[in-house]
Amino acid sequence: MAEEQQAQLLDGKTLAADIRADLTQRVAKRLAGGGSQPGLATVLVGEDAASQVYVRSKHRACQDAGMVSFGIELPADASQAEVLAEVRRLNADPQVHGILVQLPLPAHLDEAAVIQTIDPLKDVDGLHPENTGLLAQKGRQPRFVPATPLGVMRLLAEAGTPIAGANAVVLGRSNIVGVPVALLLLRANATVTLAHSRTRDLDALCRSADILVAAVGRAEMVRGDWVKRDAVVIDVGINRVDDAEAKRGYRLVGDVASDEVVGHAAAITPVPGGVGPMTIAMLLENTLKAAELQD
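Read on for a plain summary of the structure.

Reading the values: rules and limits
Residues numbered from 1 in each chain as written. Predicted model: local features only at pLDDT ≥ 70, side-chain atom pairs only at ≥ 80, totals over all residues. Heavy atoms only, no water. 1 Å grid on protein atoms, 1.4 Å probe; cavity = no way out; pocket = protein on both sides within 12 Å on 5 of 7 lines; lining within 4 Å. Points joined across faces, edges and corners; volume = space filled by probe spheres on them. Nonpolar A, V, L, I, M, F, W, Y, C, P; charged D, E, K, R; others polar. Buried < 20%, exposed > 50% of the residue type's maximum accessible area, 1.4 Å probe, protein only. Helix = DSSP H or I, 4+ residues; strand = E, 2+ residues; numbered from the N terminus. Right-handed = clockwise from strand over helix to strand, strands pointing away. Expected span 1.5 Å × (residues − 1). Arc of directions from axis to C-beta. Contact = heavy atoms within 4.5 Å. Polar contact = N/O pair within 3.5 Å; in protein donor to acceptor, adjacent residues only side chain to side chain.

Moving on, we come to empty space enclosed by the protein. Summed over all chains, the structure comprises one cavity of 30 Å³ or more. There is about 30 Å³ of room inside the largest cavity. Around the largest cavity sit Val101, Leu103, Ile115, Ile118, Asp123, Asp125 and Leu127, which together line it. In terms of residue class, the lining of the largest cavity is built from five nonpolar, no polar and two charged.

Rendered as structure tokens:
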């Protein structure tokens, strides 16, 4: 029987702090040289509590990095025309370098039409069809890639994970995480399988992965025997599970049963403290890049 090992914890919190410190210095240098202050505008439609928390954290991060932020709040019953008009106004505002429409939008709004209205040069979420299409084409470079997938790749790079030639399995096919992560891994010369709810023999497929990215939003779905020895596991999921012993009555867990995996994986991201902190760091990096592109 193989000797048990302890997986390396990929500390996204520390890496994100380092990235944000570097961005703060870059912004200060830009301002000292007479450059414009990078500006991020968020558009929040409705009063979803989780979305409000996410938006506030993005504004705080901008302030800490020396960037300016603009918070646009619209009522939950805002019409499609009203939302599109606000996006077009931000497109035309030279102080706004990046536009982020907080998702999900209320059900009556056409999310695709809203995203497509964002200027691709201000699409710091990387969701505009033009940027997505460039990401999907060999030899082309998108202006922006979604922040969470960028964070995943930075964590893999920081860990020194060999990607070229590796078998990579991505669980989840969302436009925000699953699909762009798969495309980024493919660009890095991995052999990629994009798995989802209809994938047959999902556990066996996961066991073939040298790199496993879990982004399905189901608490601890990936069990210990789904992960082969020495695999690198990136857990994107953040799920609340009831816990009467926890102070808040719940605890946060990922999509991976990490307690079952840490004894034989090579590395794994903790939840919380893994991918999550990287997302805002990469959003800030995209915002600075947007300002540089618009100089």
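From this point on, the discussion continues.
Where burial is concerned, most of strand β5 (residues 167-171) is hidden: four out of the five residues are buried. Note on the crossover from β5 through helix α7 (residues 178-187) to strand β6 (residues 191-195): the handedness is right-handed.

Counted at 1.5 Å a residue, the expected span for helix α1 (residues 12-32) with its 21 residues is 30 Å, and the 30 Å between its end C-alpha atoms agrees. Buried residues of α1: Gly12, Leu15, Ala16, Ile19, Leu23, Val27 and Arg30, and no others. Buried positions in α1, seen along its axis, are confined to an arc of 110° and lie on one side of it. Along α1, exposed side chains directed more than 90 degrees from the buried face belong to Gln25, Lys29 and Ala32. On its buried face, α1 sits against α6 (147-158) and α10 (275-293). Capping the start of α1 is the job of one residue whose side-chain oxygen sits 3.1 Å from the backbone nitrogen of Lys13: Asp11.

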